[in-house]
Amino acid sequence: MGTAVRNVIRYKGLKIAVFENVYEPAEDTYLLAENIPREPTRLLEIGTGTGIVALTAARLGHDVTATDVNPAATACARWNARINRTPIDVREGDLFEPVRGETYDVVLFNPPYLPPSELPEDDPIHAATEDPTVIRRFLRGLIDGEVEWKKAYLVVSTLTPDEHLRPLRHLHHRTVATRRLFFEELKLLEITRGKNP
Ligand SMILES: C[S@@+](CC[C@H](N)C(=O)[O-])C[C@H]1O[C@@H](n2cnc3c(N)ncnc32)[C@H](O)[C@@H]1O
């Protein structure tokens, strides 16, 4: 393997290598991983990073496609799928672009939800954590039906700027899990078609 492994973590029987320039699983990751729907479905994870959430879903019996815009992440997720002998379909590209027109029951996304800091824009950790414009584009993609979907689960933070959550006005959504951290609260939103009353 020509890629440096920064860390190896263990989660629910999975051994997860974290490649250089790939988001290391954190509280937001586990908030999503612990709330994956239990009934097996056709499931899409956008922004898979190491693949830890996608692989957890596959182990629960979901038929999983996982995407990421970062080539280091797709390489890492493919590697982790192989070493854990857990097949998932990993594709590289921006948001729904690699899966456009396909049909999924469940869509998961732990996006870059923090406002930009001083990290340079070409820093992959900036792209993994600090570009909430991606959330707005993700929500628009759901509204516009870039894939067929029934339920979506999106991680957001009290630090996520409200302007990027505005398309939620056009979708039914509720908070299904939360996690309080030092400076922020993470929320897991369950999103369906329709509007909140
Ligand atoms: C906060 S990390 C989450 C990684 C992993 N799902 C987890 O929970 O540990 C956000 C991920 O989204 C990816 N990402 C950012 N913008 C994206 C985009 N436009 N399309 C697809 N993936 C994107 C990043 O490369 C990164 O891997």
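Undergrad: Which parts of the structure should I look at to understand the nonpolar core?
TA: Note that soluble globular proteins tend to have their nonpolar side chains buried in a common cluster. Core analysis: the biggest nonpolar cluster contains 52 residues, and Ala54, Ile88, Val107, Leu108 and Phe138 have the highest contact counts within it. Of all the elements, helix α2 (residues 52–59) adds the most residues to this core, at six residues. Here leucine 108 is in contact with Leu32, Leu43, Glu45, Val53 and Tyr153, once residues within four sequence places are set aside.

Undergrad: Quick question: what am I supposed to make of the site of the ligand here?
TA: Taken together, 25 residues lie near the ligand, and Thr29, Gly47, Gly49, Val69 and Asn70 sit nearest. Mapped onto the shell around the ligand, the elements with two or more residues apiece are α1 (27–33), α2, β4 (63–68) and α4 (124–129). The residue makeup of the shell around the ligand, split by class, is 14 nonpolar, eight polar and three charged.

Undergrad: I tried to follow unusual backbone geometry on my own but got confused; where do I start?
TA: Excluding glycine, residues mostly carry a negative phi; peptide bonds, for their part, are mostly trans. Phi angles above zero are rare outside glycine, and asparagine 21 is one such case at about 70°. On the basis of neighbour counts, which here come to 19 C-beta atoms within 10 Å, the residue asparagine 21 falls in the partly exposed class. Despite not being glycine, arginine 85 shows a phi value in the positive range, around 50°. In this structure, arginine 85 sits in the loop between α3 (71–83) and β5 (89–92). A residue is classified by how many C-beta atoms lie within 10 Å of it, and arginine 85, with 6 of them, is exposed.

Undergrad: For this particular structure, what's the right way to read the sheet that holds strand β6 (residues 106–109)?
TA: As a general point, the strands of a sheet are linked pairwise by backbone hydrogen bonds and lie either parallel or antiparallel. Read from one edge to the other, the open sheet built from seven strands follows the order β5-β4-β3-β6-β7-β9-β8, with strand pairing classed as mixed. Strand pairing shows two members of the sheet lacking a second neighbour, β5 and β8 (171–180), which therefore form its edges. Adjacent strand axes in the sheet meet at a mean angle of 20° when their direction is disregarded. Contacts from α3 reach β4 and β5, with the element oriented near 170° to β5.

Undergrad: Teacher, can you tell me more about the pairing of strand β7 (residues 151–157) here?
TA: In the case of a regular strand, side chains alternate between the two sheet surfaces. Counting buried residues along β7, five of its seven residues qualify, which places the element largely inside the surrounding structure. The sheet contact formed by β6 and β7 spans four bridges and is parallel. Bridge pairing links valine 107 to alanine 152 in β7. One ladder, built from six bridges, connects β7 with strand β9 (residues 185–193); its direction is antiparallel. Bridge pairing links valine 156 to lysine 187 in β9.

Criteria and thresholds
- Residues numbered from 1 in each chain as written.
- Predicted model: local features only at pLDDT ≥ 70, side-chain atom pairs only at ≥ 80, totals over all residues.
- Core = buried A, V, L, I, M, F, W, Y, C linked by C-beta atoms within 7 Å.
- Buried ≥ 20, exposed ≤ 12 C-beta atoms within 10 Å, placed from the backbone.
- Helix = DSSP H or I, 4+ residues; strand = E, 2+ residues; numbered from the N terminus.
- Contact = placed C-beta atoms within 7 Å.
- Near = placed C-beta within 6 Å.
- Nonpolar A, V, L, I, M, F, W, Y, C, P; charged D, E, K, R; others polar.
- Pairing = 2+ DSSP bridges.
- Axes fitted to C-alpha atoms, helices over the stretch in contact; angles between N-to-C directions.

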